[in-house]
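Descriptive analysis of the structure
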Amino acid sequence: ETAAARAAGAVKNMSFTSDPAVQQAMLAHPEFLKSVGRASHSDSENVRSYASVALKNFAECCHHPMPSHPVYLDVLVEAAVGLPDAQDAHAEKISASFLIQASRPENVVPCVNHRGVLEALARLSARSEVESRANGTKSLEMLASTQATKVQLCSDPEVLDTVAAVVAERDLRYAEACENAFALVHHLVMLERNRPRLAEHEGLLEAMLGCV
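Below is a summary of the structure that appears in this document. A quick note: this is a predicted structure, and the numbers were derived from the prediction, not measured. Throughout this description, residue numbers start from 1 for each chain and increase along the sequence as written. In keeping with the model being predicted, local features are shown solely for residues with a pLDDT of at least 70 and side-chain atom pairs are shown and tallied solely at 80 or more, while totals for entire chains, interfaces and linings include all residues. Side-chain measures were taken over the full set of non-hydrogen atoms in the model, leaving aside hydrogen atoms and water.

1. A few points about helix α6 (residues 91-102)
Applied cut-off: Only DSSP runs of H or I with at least four residues qualify as helices, and only runs of E with at least two residues qualify as strands; both kinds are numbered from the N terminus onward. Take the number of residues in a helix, subtract one, and multiply by 1.5 Å to get its expected span. Between buried and exposed lies partly exposed: a residue is buried under 20% and exposed over 50% of the maximum accessible area for its type, with that area taken using a 1.4 Å probe on protein chains only. Two residues form a contact once any of their heavy atoms are found within 4.5 Å.
Spanning 12 residues, α6 covers 17 Å between terminal C-alpha atoms, matching the ideal 16 Å at 1.5 Å per step. Counting buried residues along α6, 10 of its 12 residues qualify, which places the element largely inside the surrounding structure. Within α6, burial applies to A91, K93, I94, S95, A96, S97, F98, I100, Q101 and A102. Those residues of α6 hidden inside the fold are in contact with α4 (45-58), α5 (69-81), α7 (105-113), α8 (117-125) and α9 (130-143).

Shown next as C-alpha cells:
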C-alpha cells in the first residue's frame, strides 16, 4: 500500500501543474486516466483520496475536443456510479469534477451525449452529501443550456425522477440543491415540447405544488 499511496500522491501532485505541456503529456498517455480511475476505487483511503483530487484537477484542463476527453468522462462516470451508498468524502470531489466540466460551453453537448453522464449526475444529485447534491443538480442545470440538451434532459426519466425527489425534499441542508432543481425545471419548461412530459411526470407537479 505504501508504494501505491506514494505513486498516487505523485500523480496528485503532478495534476496541480499549470504547464500545458505537462498536462498534455499525462492526458495523452493511453492508460493514464484509466489508471487514475481505477485508483479512485482503491481499498486504500489515501490512494482513493489522491486519485479523486487528481480527477478534479484534470477537470480543469481536459475538455472537448481533446482526444482524451471521452476517456475522462468514462472515468468520471465509473467513479460516480462506483461510490458506496453510505456517505463518502470523495463524492464531493467527483461531483465537483462534473460541475467544472458542465461549466465549459464546449463540454455541454459532449457531456449530455456521453453514455452514463446523466445517470451519474442523477445519482450524485440524490446522494446524502450536501455538496454532492448541490454540485450534481447545478451540473444538470448548466447542461440545460442549449435547445437540444433541454430536450435530452427532459427525455431522461432518471433525471426527472431525481428533480422531483430533490424538489420534494424538505431538509433545509439541501436548499441549494432544491434551488438548482427549480432552475433546471425553469430551463426545461421554456421549450413548449417539454411541457407535456413535465406535466405528466408522476410526482413532479405534486412536489412543485408542495413548495407553493
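2. Observations concerning the packing of aromatic side chains
Aromatic ring pairs are defined here through the distance separating the ring centres and the angle between the ring planes. For clarity, the threshold we go by: Between 30 and 60 degrees the pair is tilted, below 30 it is stacked and above 60 it is edge-to-face, where a pair is any two Phe, Tyr or Trp rings, Trp via its six-membered ring, whose centres lie within 6.5 Å. Look at NZ for Lys and CZ for Arg. If either is within 6 Å of the ring centre and within 35 degrees of the ring normal, a charge sits over the ring.
Evaluated as defined, the whole model comprises 1 aromatic pair. Each ring, one from F32 and one from F58, has its centre 5.5 Å from the other, and the planes form 75°; the classification is edge-to-face. Of this pair, F32 sits in helix α3 (residues 32-39) while F58 sits in helix α4, placing them 26 residues apart in sequence. Since its relative accessible area comes to 15%, F32 is described here as buried. You can call F58 buried: its relative accessible area is 1%. The ring of Y174 is capped by R133, whose NZ or CZ atom sits 3.8 Å from the centre of that ring.

3. A closer look at unusual backbone geometry
That bond from H64 to P65 is cis: its omega, 10°, falls within 30 degrees of zero. Tracing the chain through its elements places P65 in the loop between α4 and α5.

4. Points about a negative patch on the surface
The criterion, for reference: Patch criteria: residues need more than 30% relative accessible area and no salt bridge. Like-charged residues are merged within 9 Å; nonpolar side chains of Val, Leu, Ile, Met, Phe, Trp and Tyr are merged within 5 Å. What sets the accessible areas is the Shrake-Rupley method with a 1.4 Å probe; for residues, cover comes only from the shown protein chains. The term salt bridge refers to a side-chain nitrogen of Lys or Arg lying within 4 Å of a carboxyl oxygen of Asp or Glu. For the purpose of counting charges, residues Lys and Arg are taken to be positive, whereas Asp and Glu are taken to be negative. His and the chain ends are not included. A charge is said to be at NZ when it belongs to Lys, at CZ for Arg, at CG for Asp and at CD for Glu.
On the surface, E158, D161, E202 and E206 cluster together into a negatively charged patch. Here D161 lies in helix α11 (residues 157-168). For D161, a relative accessible area of 43% gives the class partly exposed.

5. A look at the nonpolar core
Cut-off, in case you're wondering: To define a nonpolar core, start from buried Ala, Val, Leu, Ile, Met, Phe, Trp, Tyr and Cys residues and group those joined through side-chain atoms within 4.5 Å.
If you look at the biggest cluster of nonpolar residues, it comprises 56 residues, and the most contacted ones within it are F58, F98, L143 and L153. Ranked by residue count, the leading element in this core is α5, at 7 residues. Residues within four places of L143 in sequence aside, it is in contact with A102, V108, C111, V112, L118, L121, T149 and L153.

6. Digging into the packing of α8 against α11
Helices that pack against each other are described as a pair by the angle of their axes relative to one another and the distance between those axes. Cut-off, in case you're wondering: Orientation is described by lines fitted to C-alpha atoms, with helices fitted over the stretch in contact, and by angles between N-to-C directions that extend from 0 to 180 degrees. Roughly parallel here means an angle under 35 degrees, roughly antiparallel means over 145, roughly perpendicular means 65 to 115, and every remaining angle is called oblique. With the far helix as reference, a near helix turned anticlockwise by less than a right angle produces a left-handed crossing, and one turned clockwise produces a right-handed crossing. Only Asp, Glu, Lys and Arg are considered charged, only Ala, Val, Leu, Ile, Met, Phe, Trp, Tyr, Cys and Pro nonpolar, and every remaining residue, Gly among them, polar.
At a minimum axis separation of 9 Å, α8 and α11 run at an interaxial angle of 15°. Here α11 runs roughly parallel to α8, going by the angle between their axes. Both α8 and α11 take part in a crossing whose hand is left-handed. Here L118, E119, A122, R123 and S125 of α8 come into contact with α11, specifically with E158, V159, T162 and V166. Looking at the contact of α8 with α11 residue by residue, the classes come out as 4 nonpolar, 2 polar and 3 charged.

7. Brief notes about the environment of Q101
Which entries qualify depends on this criterion: Polar contacts, as counted here, are pairs of nitrogen or oxygen atoms within 3.5 Å of one another; within protein the pair requires one atom able to donate a hydrogen and one able to accept it, and residues that are adjacent in sequence qualify only if both atoms are side-chain atoms.
Mapped onto the fold, Q101 is located in helix α6. Among the residues examined, Q101 registers a relative accessible area of 0% and is labelled buried. On a C-alpha basis, the gap between Q101 and L172 in space is 27 Å, while along the polypeptide they are 71 residues apart. Contact partners of Q101, with chain neighbours within four places excluded, come to A59, C62, H63, H69, Y72, L73, L76, N107 and C111. A distance of 2.8 Å separates a polar atom in the side chain of Q101 from the backbone oxygen of C62.

8. What to know about the state of the cysteines
Quick reminder of the rule: The rule for a disulfide is simple: a pair of cysteine sulfur atoms within 2.5 Å.
Following the criterion strictly, the structure yields 0 disulfides and no others. Distance from the sulfur of C61, which forms no disulfide, to the nearest cysteine sulfur (C62) is 6.5 Å. By relative accessible area, which is 13% here, C61 ends up buried.

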